[in-house]
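Results of the structural survey
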Amino acid sequence: MITGPTRRETDSMGAVEVPAERYWGAQTERARHNFAIGREGFPIEIVHALARIKAAAARANLQLGTLDADRARLIVAAAEEIVAARHDGEFPLSVWMTGSGTQANMNVNEVIANRAIEMTGGTLGAKDPVHPNDHVNRSQSSNDVVPTALNIAAAVMIETRVIPAVRLLRDALRAKAEAWSGLVKIGRTHMQDAVPMTLGQEFAGYAGMLDDNLARLAFARDGLMPLAIGGTAVGTGLNAPDGFDRMVAEDLANQTGLPFRTATNKFTVMGAHDAMVMASGVLRTLAVSLHKIANDIRLLSCGPRAGFAELLLPENEPGSSIMPGKVNPTQCEALAMLTLEVCGLDAATGMAGAGGLLEMNVYKPLIGYNVVTGCRLLADGMEHFTRHAIEGTQANEARLAQTVSQSLMLVTALTPEIGYDKAAEIAHHAHHEGTTLREAALALGHVDAETFDRIVDAGAMTGAMPAPGPS
């Protein structure tokens, strides 16, 4: 329901009352009511990408002689205001709209047209001197503009948000790995005691996981570079002048600093959005890695007195409304939850990608929303996890030393000297009799004291730290 003054705008279906103070027009107003579904708004990152495309298209149309200089200047000026986030409140649509994203494209077209009209002192809704279809959308279709915007938004977010956040967390984990390179602890397999390692090696493993994810993210980002723009309705390029696709792609590359290019096969990138599905899958893989890291750190910090307690996490806030003094691993929990959400988003994106029929996939808003949301969740989550958990985490050196001294699996080092069976006998004897490994070994007579002391050295059993970089 509209409250307050209105103005009358028209589209091909007739007249519509629009809030007088808004730049959007008739098609946006229809969509605002016809798709008032849920609370998930069409992502502003994709709106900004659409505006970049409109500016690039206006400049290309000007150079190709299909748009005059005055209109091109007005369209570019209005579009650049949108890119600068000056009109974010003018994009009210739900993501649950037509599968082509036509309403989102027209929302941007109408806002640019009316803002351009306002710049000339004209009347909003007059479509003179700038028409949302004839001028702002010239040489374009929603069918090539929206998939182009999806690629741009996803690639820019991967480049500017996700990759920097991964590096931030990776570097923090690597710093801990280096600081703790000499702290010996007991490794665990099957959740049971295993041979010694260092806490630094454990954290170097986490850092290495993120190195691998950085390589995957770069691959996914690069896969988003071919653009659908210029394919217009079905990939044939009808109504787009020769060279338009190349010129717009080059303009977008200049705007973003990313090497966007026109796709050589428009039918491929318009009939399917496999590059977006790939990007979603890489985000899911990153989420899986982060889930493991968050849960490992949560487990290693459990306590403070009745658990592993090998790590001491920052005490950020009270953890219980009933248990005084309780502090919980809240950043681990937040990261673990959002990573599961990203996995769910990817499941929907995969189904949406597979659901494209013939010349157009009609799940574009869903795909764009899921990938952009996944990028935002992961970037925010990693930044907070780094600053509010990892950077302030400390090693509980006394607890590490205690578990090493009590471990039975140090006996593994004796195996080459006395054989598996005798080493196992020592371990079982020590466990059941409640003695140390050394006492058990000497009692059984399988090894003398000098040999035991020379071989069973926890620090010497840990090997070398891995070199930084992808595995």
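This text gives an overview of the structure that appears in the document. (Residues numbered from 1 in each chain as written. Predicted model: local features only at pLDDT ≥ 70, side-chain atom pairs only at ≥ 80, totals over all residues. Heavy atoms only, no water.)

Next up on the list: the pairing of strand 4 (residues 192-198). Inspection of the sheet shows strand 3 (residues 184-189) paired to strand 4 by five bridges, in the antiparallel sense. Across the sheet, the residue bridging to Arg188 is Asp193, located in strand 4. Where strand 3 folds back on strand 4, the antiparallel hairpin that results is connected by two residues, among which His190 adopts a positive phi of roughly 60°. (Pairing = 2+ DSSP bridges. Helix = DSSP H or I, 4+ residues; strand = E, 2+ residues; numbered from the N terminus.)

Quick look at the pattern of salt bridges now. A full pass over the atoms with the stated rule returns 28 salt bridges. Linking Arg30 and Asp11 is a salt bridge whose minimum nitrogen-to-oxygen distance equals 2.7 Å. One end of the pair, Arg30, is in helix 1 (residues 26-34); the other, Asp11, is in strand 1 (residues 6-11), with 19 residues separating them in the sequence. On the basis of relative accessibility, which here comes to 23%, the residue Arg30 falls in the partly exposed class. Note on Asp11: relative accessible area 15%, which makes it buried. (Salt bridge = Lys/Arg side-chain N within 4 Å of Asp/Glu carboxyl O. Buried < 20%, exposed > 50% of the residue type's maximum accessible area, 1.4 Å probe, protein only.)

A few words on the environment of Asn396. Tracing the backbone through its elements, the reader meets Asn396 in the loop between strand 8 (394-395) and helix 13 (397-406). Placed 95 residues apart in sequence, Asn396 and Ser301 show a C-alpha to C-alpha distance of 9.2 Å. Once residues within four sequence positions are removed from consideration, Asn396 is found in contact with Ala309, Glu310 and Leu312. (Contact = heavy atoms within 4.5 Å.)

Residue placement: Glu159 occurs in helix 6 (residues 142-179). C-alpha of Glu159 to C-alpha of Ala218: the two residues are 59 residues apart in sequence and 8.1 Å apart in space. Once residues lying within four places of it in the same chain are set aside, the contact partners of Glu159 are Pro164, Arg221 and Leu258.

One can describe the packing of helix 2 (residues 44-63) onto helix 8 (residues 244-256) by two numbers: an axis separation of 9 Å at closest approach and a directional angle of 130°. Compared by their axis directions, helix 2 and helix 8 come out oblique. Both helix 2 and helix 8 take part in a crossing whose hand is right-handed. Residues Arg52, Ile53, Ala56, Ala57, Arg59, Ala60, Asn61 and Gln63 of helix 2 lie in contact with helix 8, whose contacting residues are Phe244, Met247, Val248, Asp251, Leu252, Gln255 and Thr256. Looking at the contact of helix 2 with helix 8, its residues break down into eight nonpolar, four polar and three charged. (Axes fitted to C-alpha atoms, helices over the stretch in contact; angles between N-to-C directions. Parallel < 35°, antiparallel > 145°, perpendicular 65-115°, else oblique. Left-handed = near helix turned anticlockwise from the far one by under 90°. Nonpolar A, V, L, I, M, F, W, Y, C, P; charged D, E, K, R; others polar.)

So, about unusual backbone geometry. Between Asp128 and Pro129 the backbone carries a cis peptide bond, its omega angle lying at 15°. On the secondary structure map, Pro129 appears in the loop between helix 4 (102-119) and helix 5 (132-136). Here the bond from Gly303 into Pro304 is cis, since omega is 10°, no more than 30 degrees from zero. As for its placement among the helices and strands, Pro304 is situated in the loop between helix 10 (274-300) and strand 7 (311-312). A positive phi angle, near 65°, is found at Met191, a position not held by glycine. Tracing the backbone shows Met191 in the loop between strand 3 and strand 4. What makes Met191 exposed here is its relative accessible area of 52%. For Thr232, which is not glycine, the phi torsion reads 50° and is therefore positive. If you trace the backbone, Thr232 turns up in the loop between strand 5 (226-227) and helix 8. Given the relative accessible area of 3%, Thr232 is considered buried.

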